[in-house]
Amino acid sequence: MKQHLAGLCALLVAGIAPVAHASTSAPAPLYLVAGSYAPAAEVGIRIFRFDAATGEATPAGGCTGIADPSYLVASADGRSLYVASETGDETAALVRLDFDRRSGTLRQGERQPTRGAAPCFVALDPAGRFAATANYSGGSISLFALDSAGRLAAPARVVRFAGRGVVPERQEQPHLHCIAFTPDGRRLLACDLGLDRIHTFPLVAEARGTEAVDTASEQSVALRPGSGPRHLRFGPDGRFAYLINELSGQVTVFAHRRGRLRPVQHIAADTTGARASGDIRISPDGRHLYASNRLKNDGLAIFAVDRRRGTLAPIGYRPTGPHPRNFALSPDGRFLLVACRDSDTIEIYARDAATGLLRDTGRRIAMPRPVCLEFIQ
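Conventions we followed
- Residues numbered from 1 in each chain as written.
- Predicted model: local features only at pLDDT ≥ 70, side-chain atom pairs only at ≥ 80, totals over all residues.
- Heavy atoms only, no water.
- Helix = DSSP H or I, 4+ residues; strand = E, 2+ residues; numbered from the N terminus.
- Rg over C-alpha atoms; globule rule 2.2 N^0.38 Å.
- Buried < 20%, exposed > 50% of the residue type's maximum accessible area, 1.4 Å probe, protein only.
- Areas by Shrake-Rupley, 256 points an atom, 1.4 Å probe, with all protein chains shown as cover.
- Lys, Arg positive; Asp, Glu negative; His and termini not counted.
- Charge placed at Lys NZ, Arg CZ, Asp CG, Glu CD.
- Contact = heavy atoms within 4.5 Å.
- pLDDT = per-residue confidence, 0-100.
- Pairing = 2+ DSSP bridges.
- Axes fitted to C-alpha atoms, helices over the stretch in contact; angles between N-to-C directions.
- Phe/Tyr/Trp six-rings, centres within 6.5 Å; stacked < 30°, edge-to-face > 60°.
- Core = buried A, V, L, I, M, F, W, Y, C linked by side-chain atoms within 4.5 Å.

Attention now moves to the overall build of the protein. From N to C terminus, the protein includes one helix and 30 strands. By the compact-globule yardstick of 21 Å for 377 residues, the protein fits well, its C-alpha radius of gyration being 20 Å. When the backbone C-alpha atoms are referred to their principal axes, the protein occupies close to 55 × 45 × 40 Å. For the protein, the proportion of its 377 residues judged to be buried stands at 58%. On the protein, roughly 15,200 Å² of surface is accessible, and the fraction owed to carbon and sulfur atoms is 49%. Charge-centre separation for the protein: the mean point of 45 positive side chains lies 4 Å from the mean point of 36 negative side chains.

The next thing to look at is the environment of V338. Note that V338 resides in strand β27 (residues 335–340). Overall, the relative accessible area of 0% leaves V338 in the buried class. Separated by 31 residues in the primary sequence, V338 and R369 place their C-alpha atoms 12 Å from one another. In contact with V338, not counting residues within four places along its chain, are L300, T320, P324, N326, F327, T345, I346, E347, Y349 and L373.

Residues with a pLDDT of 70 or more make up 93% of the protein, whose mean pLDDT is 93. Contacts of residues 10–24 to residues separated by more than four positions or lying in other chains number 26 contacts, the stretch itself having pLDDT below 50.

This part is about the sheet that holds strand β29 (residues 358–366). One open sheet holds the four strands; their spatial order is β26-β27-β28-β29, and the pairing between them is antiparallel. The two strands at the open ends of the sheet, each matched to only one other strand, are β26 (324–329) and β29. On average, each strand axis in the sheet is tilted by 25° relative to the strand beside it, whichever way the strands run. One ladder, built from five bridges, connects β26 with β27; its direction is antiparallel. If you follow P324 over to β27, its bridge partner there is C340.

Scanning all chains against the criterion turns up six aromatic pairs. On the basis of an interplanar angle of 25° and a centroid distance of 4.3 Å, the ring pair of Y71 and F121 is categorised as stacked. Pair noted here: Y71 is in strand β5 (residues 69–74) and F121 is in strand β10 (residues 119–124), with a separation of 50 residues, a long-range link. Taking relative accessible area as the criterion, F121 reaches 4% and is therefore assigned buried. Here the aromatic residues F50, F335 and F375 are joined through ring pairs into a cluster of three or more.

Take the nonpolar core next. Counting 62 residues, the largest nonpolar core has I45, L81, I141, L188, I198 and L232 as the members making the most contacts within it. With residues near it in sequence (within four places) discarded, L232 still touches C178, A180, L189, C191, I198, A241, Y242, L243 and L261.

Encoded structure:
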């Protein structure tokens, strides 16, 4: 399999040569990485150089050989890319790719089965000991030990859940959708859309690999029945966490203290009852929050953040192309990019830092079925 991937991950841009560094002091380029729902034979992961001043994106490379690479995350040093292959059978896997930051190209790494179907989210332990996937159809999370170079070092350790929620057609079993870590790195949080819960696990500081997750001491945070917790993000200072609920269309605001979450607000991001809210992001300055909605009134709900109390106030709505499953803010917060799956485009918006509102730049990146965006700086 390694040889197969090695032959498929390559520079895939005709007529565009890699940009050489003029000197060792030249600034490192900013890259945008996009994942998609694509068969293994297609270029499912694409790399673009992103101009942080103009918002222009230039193709740099890409990779075939991974079926449905629907979620991905980069290592802290930007040298590895961890990709969930979201297939619904035993081929579901976590794949690591080496990323060349000079040329913007990818090459083969390791592949480990998740032993849980439809992995839809990847997260990395802040201490660098393990990677984790949330397996939507598998009702589980999978933990993968990492060696000192960030390579997948061992088969998955799987943590399975049981039960059902109150919405028969959407909550017939556990549906894990997101993994997050508390800002102090002491707890792992797993959002379970199917059970209306956030499972929490202590992390053992002195433990190695996947043994760092203390599964025997699991606790959970209960959400309102029928909420469908999907994605969770912490604010920049770590005092508050923000959860987008797919089924209720609400954002739940939590006060966070020493790994414990206390709800302080529930506010609608979707007012149409589409039951398909997608992603949630907070601007780097912590002043504004964005949440995506799909199926009806596709777009982004925009909120102002009360920095002292953590609460949200709606300030606008930005319509987008169909099915904005995922979106990302550039590291400086000047641009917001939206992966619109059903129009085969990535839309680029300029963000007003003062108001938080978004202006359509008119720029588009054509790509079949984009569903995940990640910046590498």
